[in-house]
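# Understanding the architecture of this molecule
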Amino acid sequence: MTGGTINHSTIAINLGALLRPHVRGKSCRVLGSDARIGIGKQKEFFYPDLSVTCDDRDHNAINAIYYPKLIIEVLSPSTEAYNRGGKFARYRKIESLEEYVLVGSENILVESFRLNDRGLWELRFFEDGDRIKFSSIDFEFAIASIYEDVDFD
């Protein structure tokens, strides 16, 4: 999303700064909002705020990745409904996707949709004071670190 708020940008940068050191040396890549994700043979593309791929098939990707395991969208009032509905429906077609995370930009709230071992998506909420775990990349951290330097006033 171009033209987002300062909070939106700060949250995305904070998340990228948290994720990058965690995946370093693990054959994974953290990608920002300029990296597009391709979905199936339909040649449909999206630009999430952040994504993580650990799949060898994406290792030498230049124009798009097709096998992310984690996708993160920072919510804004204008995109929230689409991120929850139509976009998530499309992302669920990605065979490698294990976790889809929505991050509030107007309040402290993180929602993590995780694919369980029965093939069902489970929702977990994280609020102020909680520790978050991104199971797809085995990473746990304080929710406060996402919202560092974010002003809700």
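Look a little higher up for the structure.
Below is a summary of the structure that appears in this document. (Residues numbered from 1 in each chain as written. Predicted model: local features only at pLDDT ≥ 70, side-chain atom pairs only at ≥ 80, totals over all residues. Heavy atoms only, no water.)

## Remarks on the pattern of salt bridges
Evaluation of the coordinates by the stated rule reveals eleven salt bridges. The residue Asp 55 makes a salt bridge to Arg 57 at a minimum N-O spacing of 2.8 Å. Through salt bridges that share partners, Asp 55, Arg 57 and Glu 95 make up one connected network. (Salt bridge = Lys/Arg side-chain N within 4 Å of Asp/Glu carboxyl O.)

## Points about the nonpolar core
By size, the foremost hydrophobic cluster in this structure holds 25 residues, and its most contacted members are Leu 15, Ile 72, Val 103, Val 110, Phe 134 and Ile 146. Broken down by secondary-structure element, the contributors of at least two residues to this core are helix 1 (6-23), strand 4 (50-53), strand 5 (68-74), strand 6 (99-103), strand 9 (131-134) and strand 10 (139-142). The element that contributes the greatest number of residues to this core is helix 1, accounting for five residues. In contact with Val 103, other than residues within four places in its own chain, are Ile 11, Leu 15, Ile 72, Glu 73, Val 74, Leu 75, Leu 109, Val 110, Ile 146 and Tyr 147. Counting 14 residues, the second largest nonpolar core, distinct from the first, contains Leu 31, Ile 39, Phe 46 and Leu 97. (Core = buried A, V, L, I, M, F, W, Y, C linked by side-chain atoms within 4.5 Å. Buried < 20%, exposed > 50% of the residue type's maximum accessible area, 1.4 Å probe, protein only. Helix = DSSP H or I, 4+ residues; strand = E, 2+ residues; numbered from the N terminus. Contact = heavy atoms within 4.5 Å.)

## Digging into the side chain of Ser 76
Secondary-structure assignment places Ser 76 in the loop between strand 5 and helix 2 (80-84). In terms of polar contacts, Ser 76 uses its side chain to reach the side chain of Thr 79, at 2.9 Å. (Polar contact = N/O pair within 3.5 Å; in protein donor to acceptor, adjacent residues only side chain to side chain.)

## Thoughts on the packing of aromatic side chains
A full pass over the atoms with the stated rule returns ten aromatic pairs. Through pairs of rings, three or more aromatic residues link up here, namely Phe 46, Phe 88, Tyr 91, Tyr 100, Phe 113 and Trp 121. Looking at Arg 36, its charged tip hangs above the ring of Phe 45, at a distance of 3.8 Å from the centre. The positively charged end of Arg 57 is found above the aromatic ring belonging to Tyr 67, 3.6 Å away from the centroid. (Phe/Tyr/Trp six-rings, centres within 6.5 Å; stacked < 30°, edge-to-face > 60°. Lys NZ or Arg CZ within 6 Å of the ring centre and 35° of its normal.)

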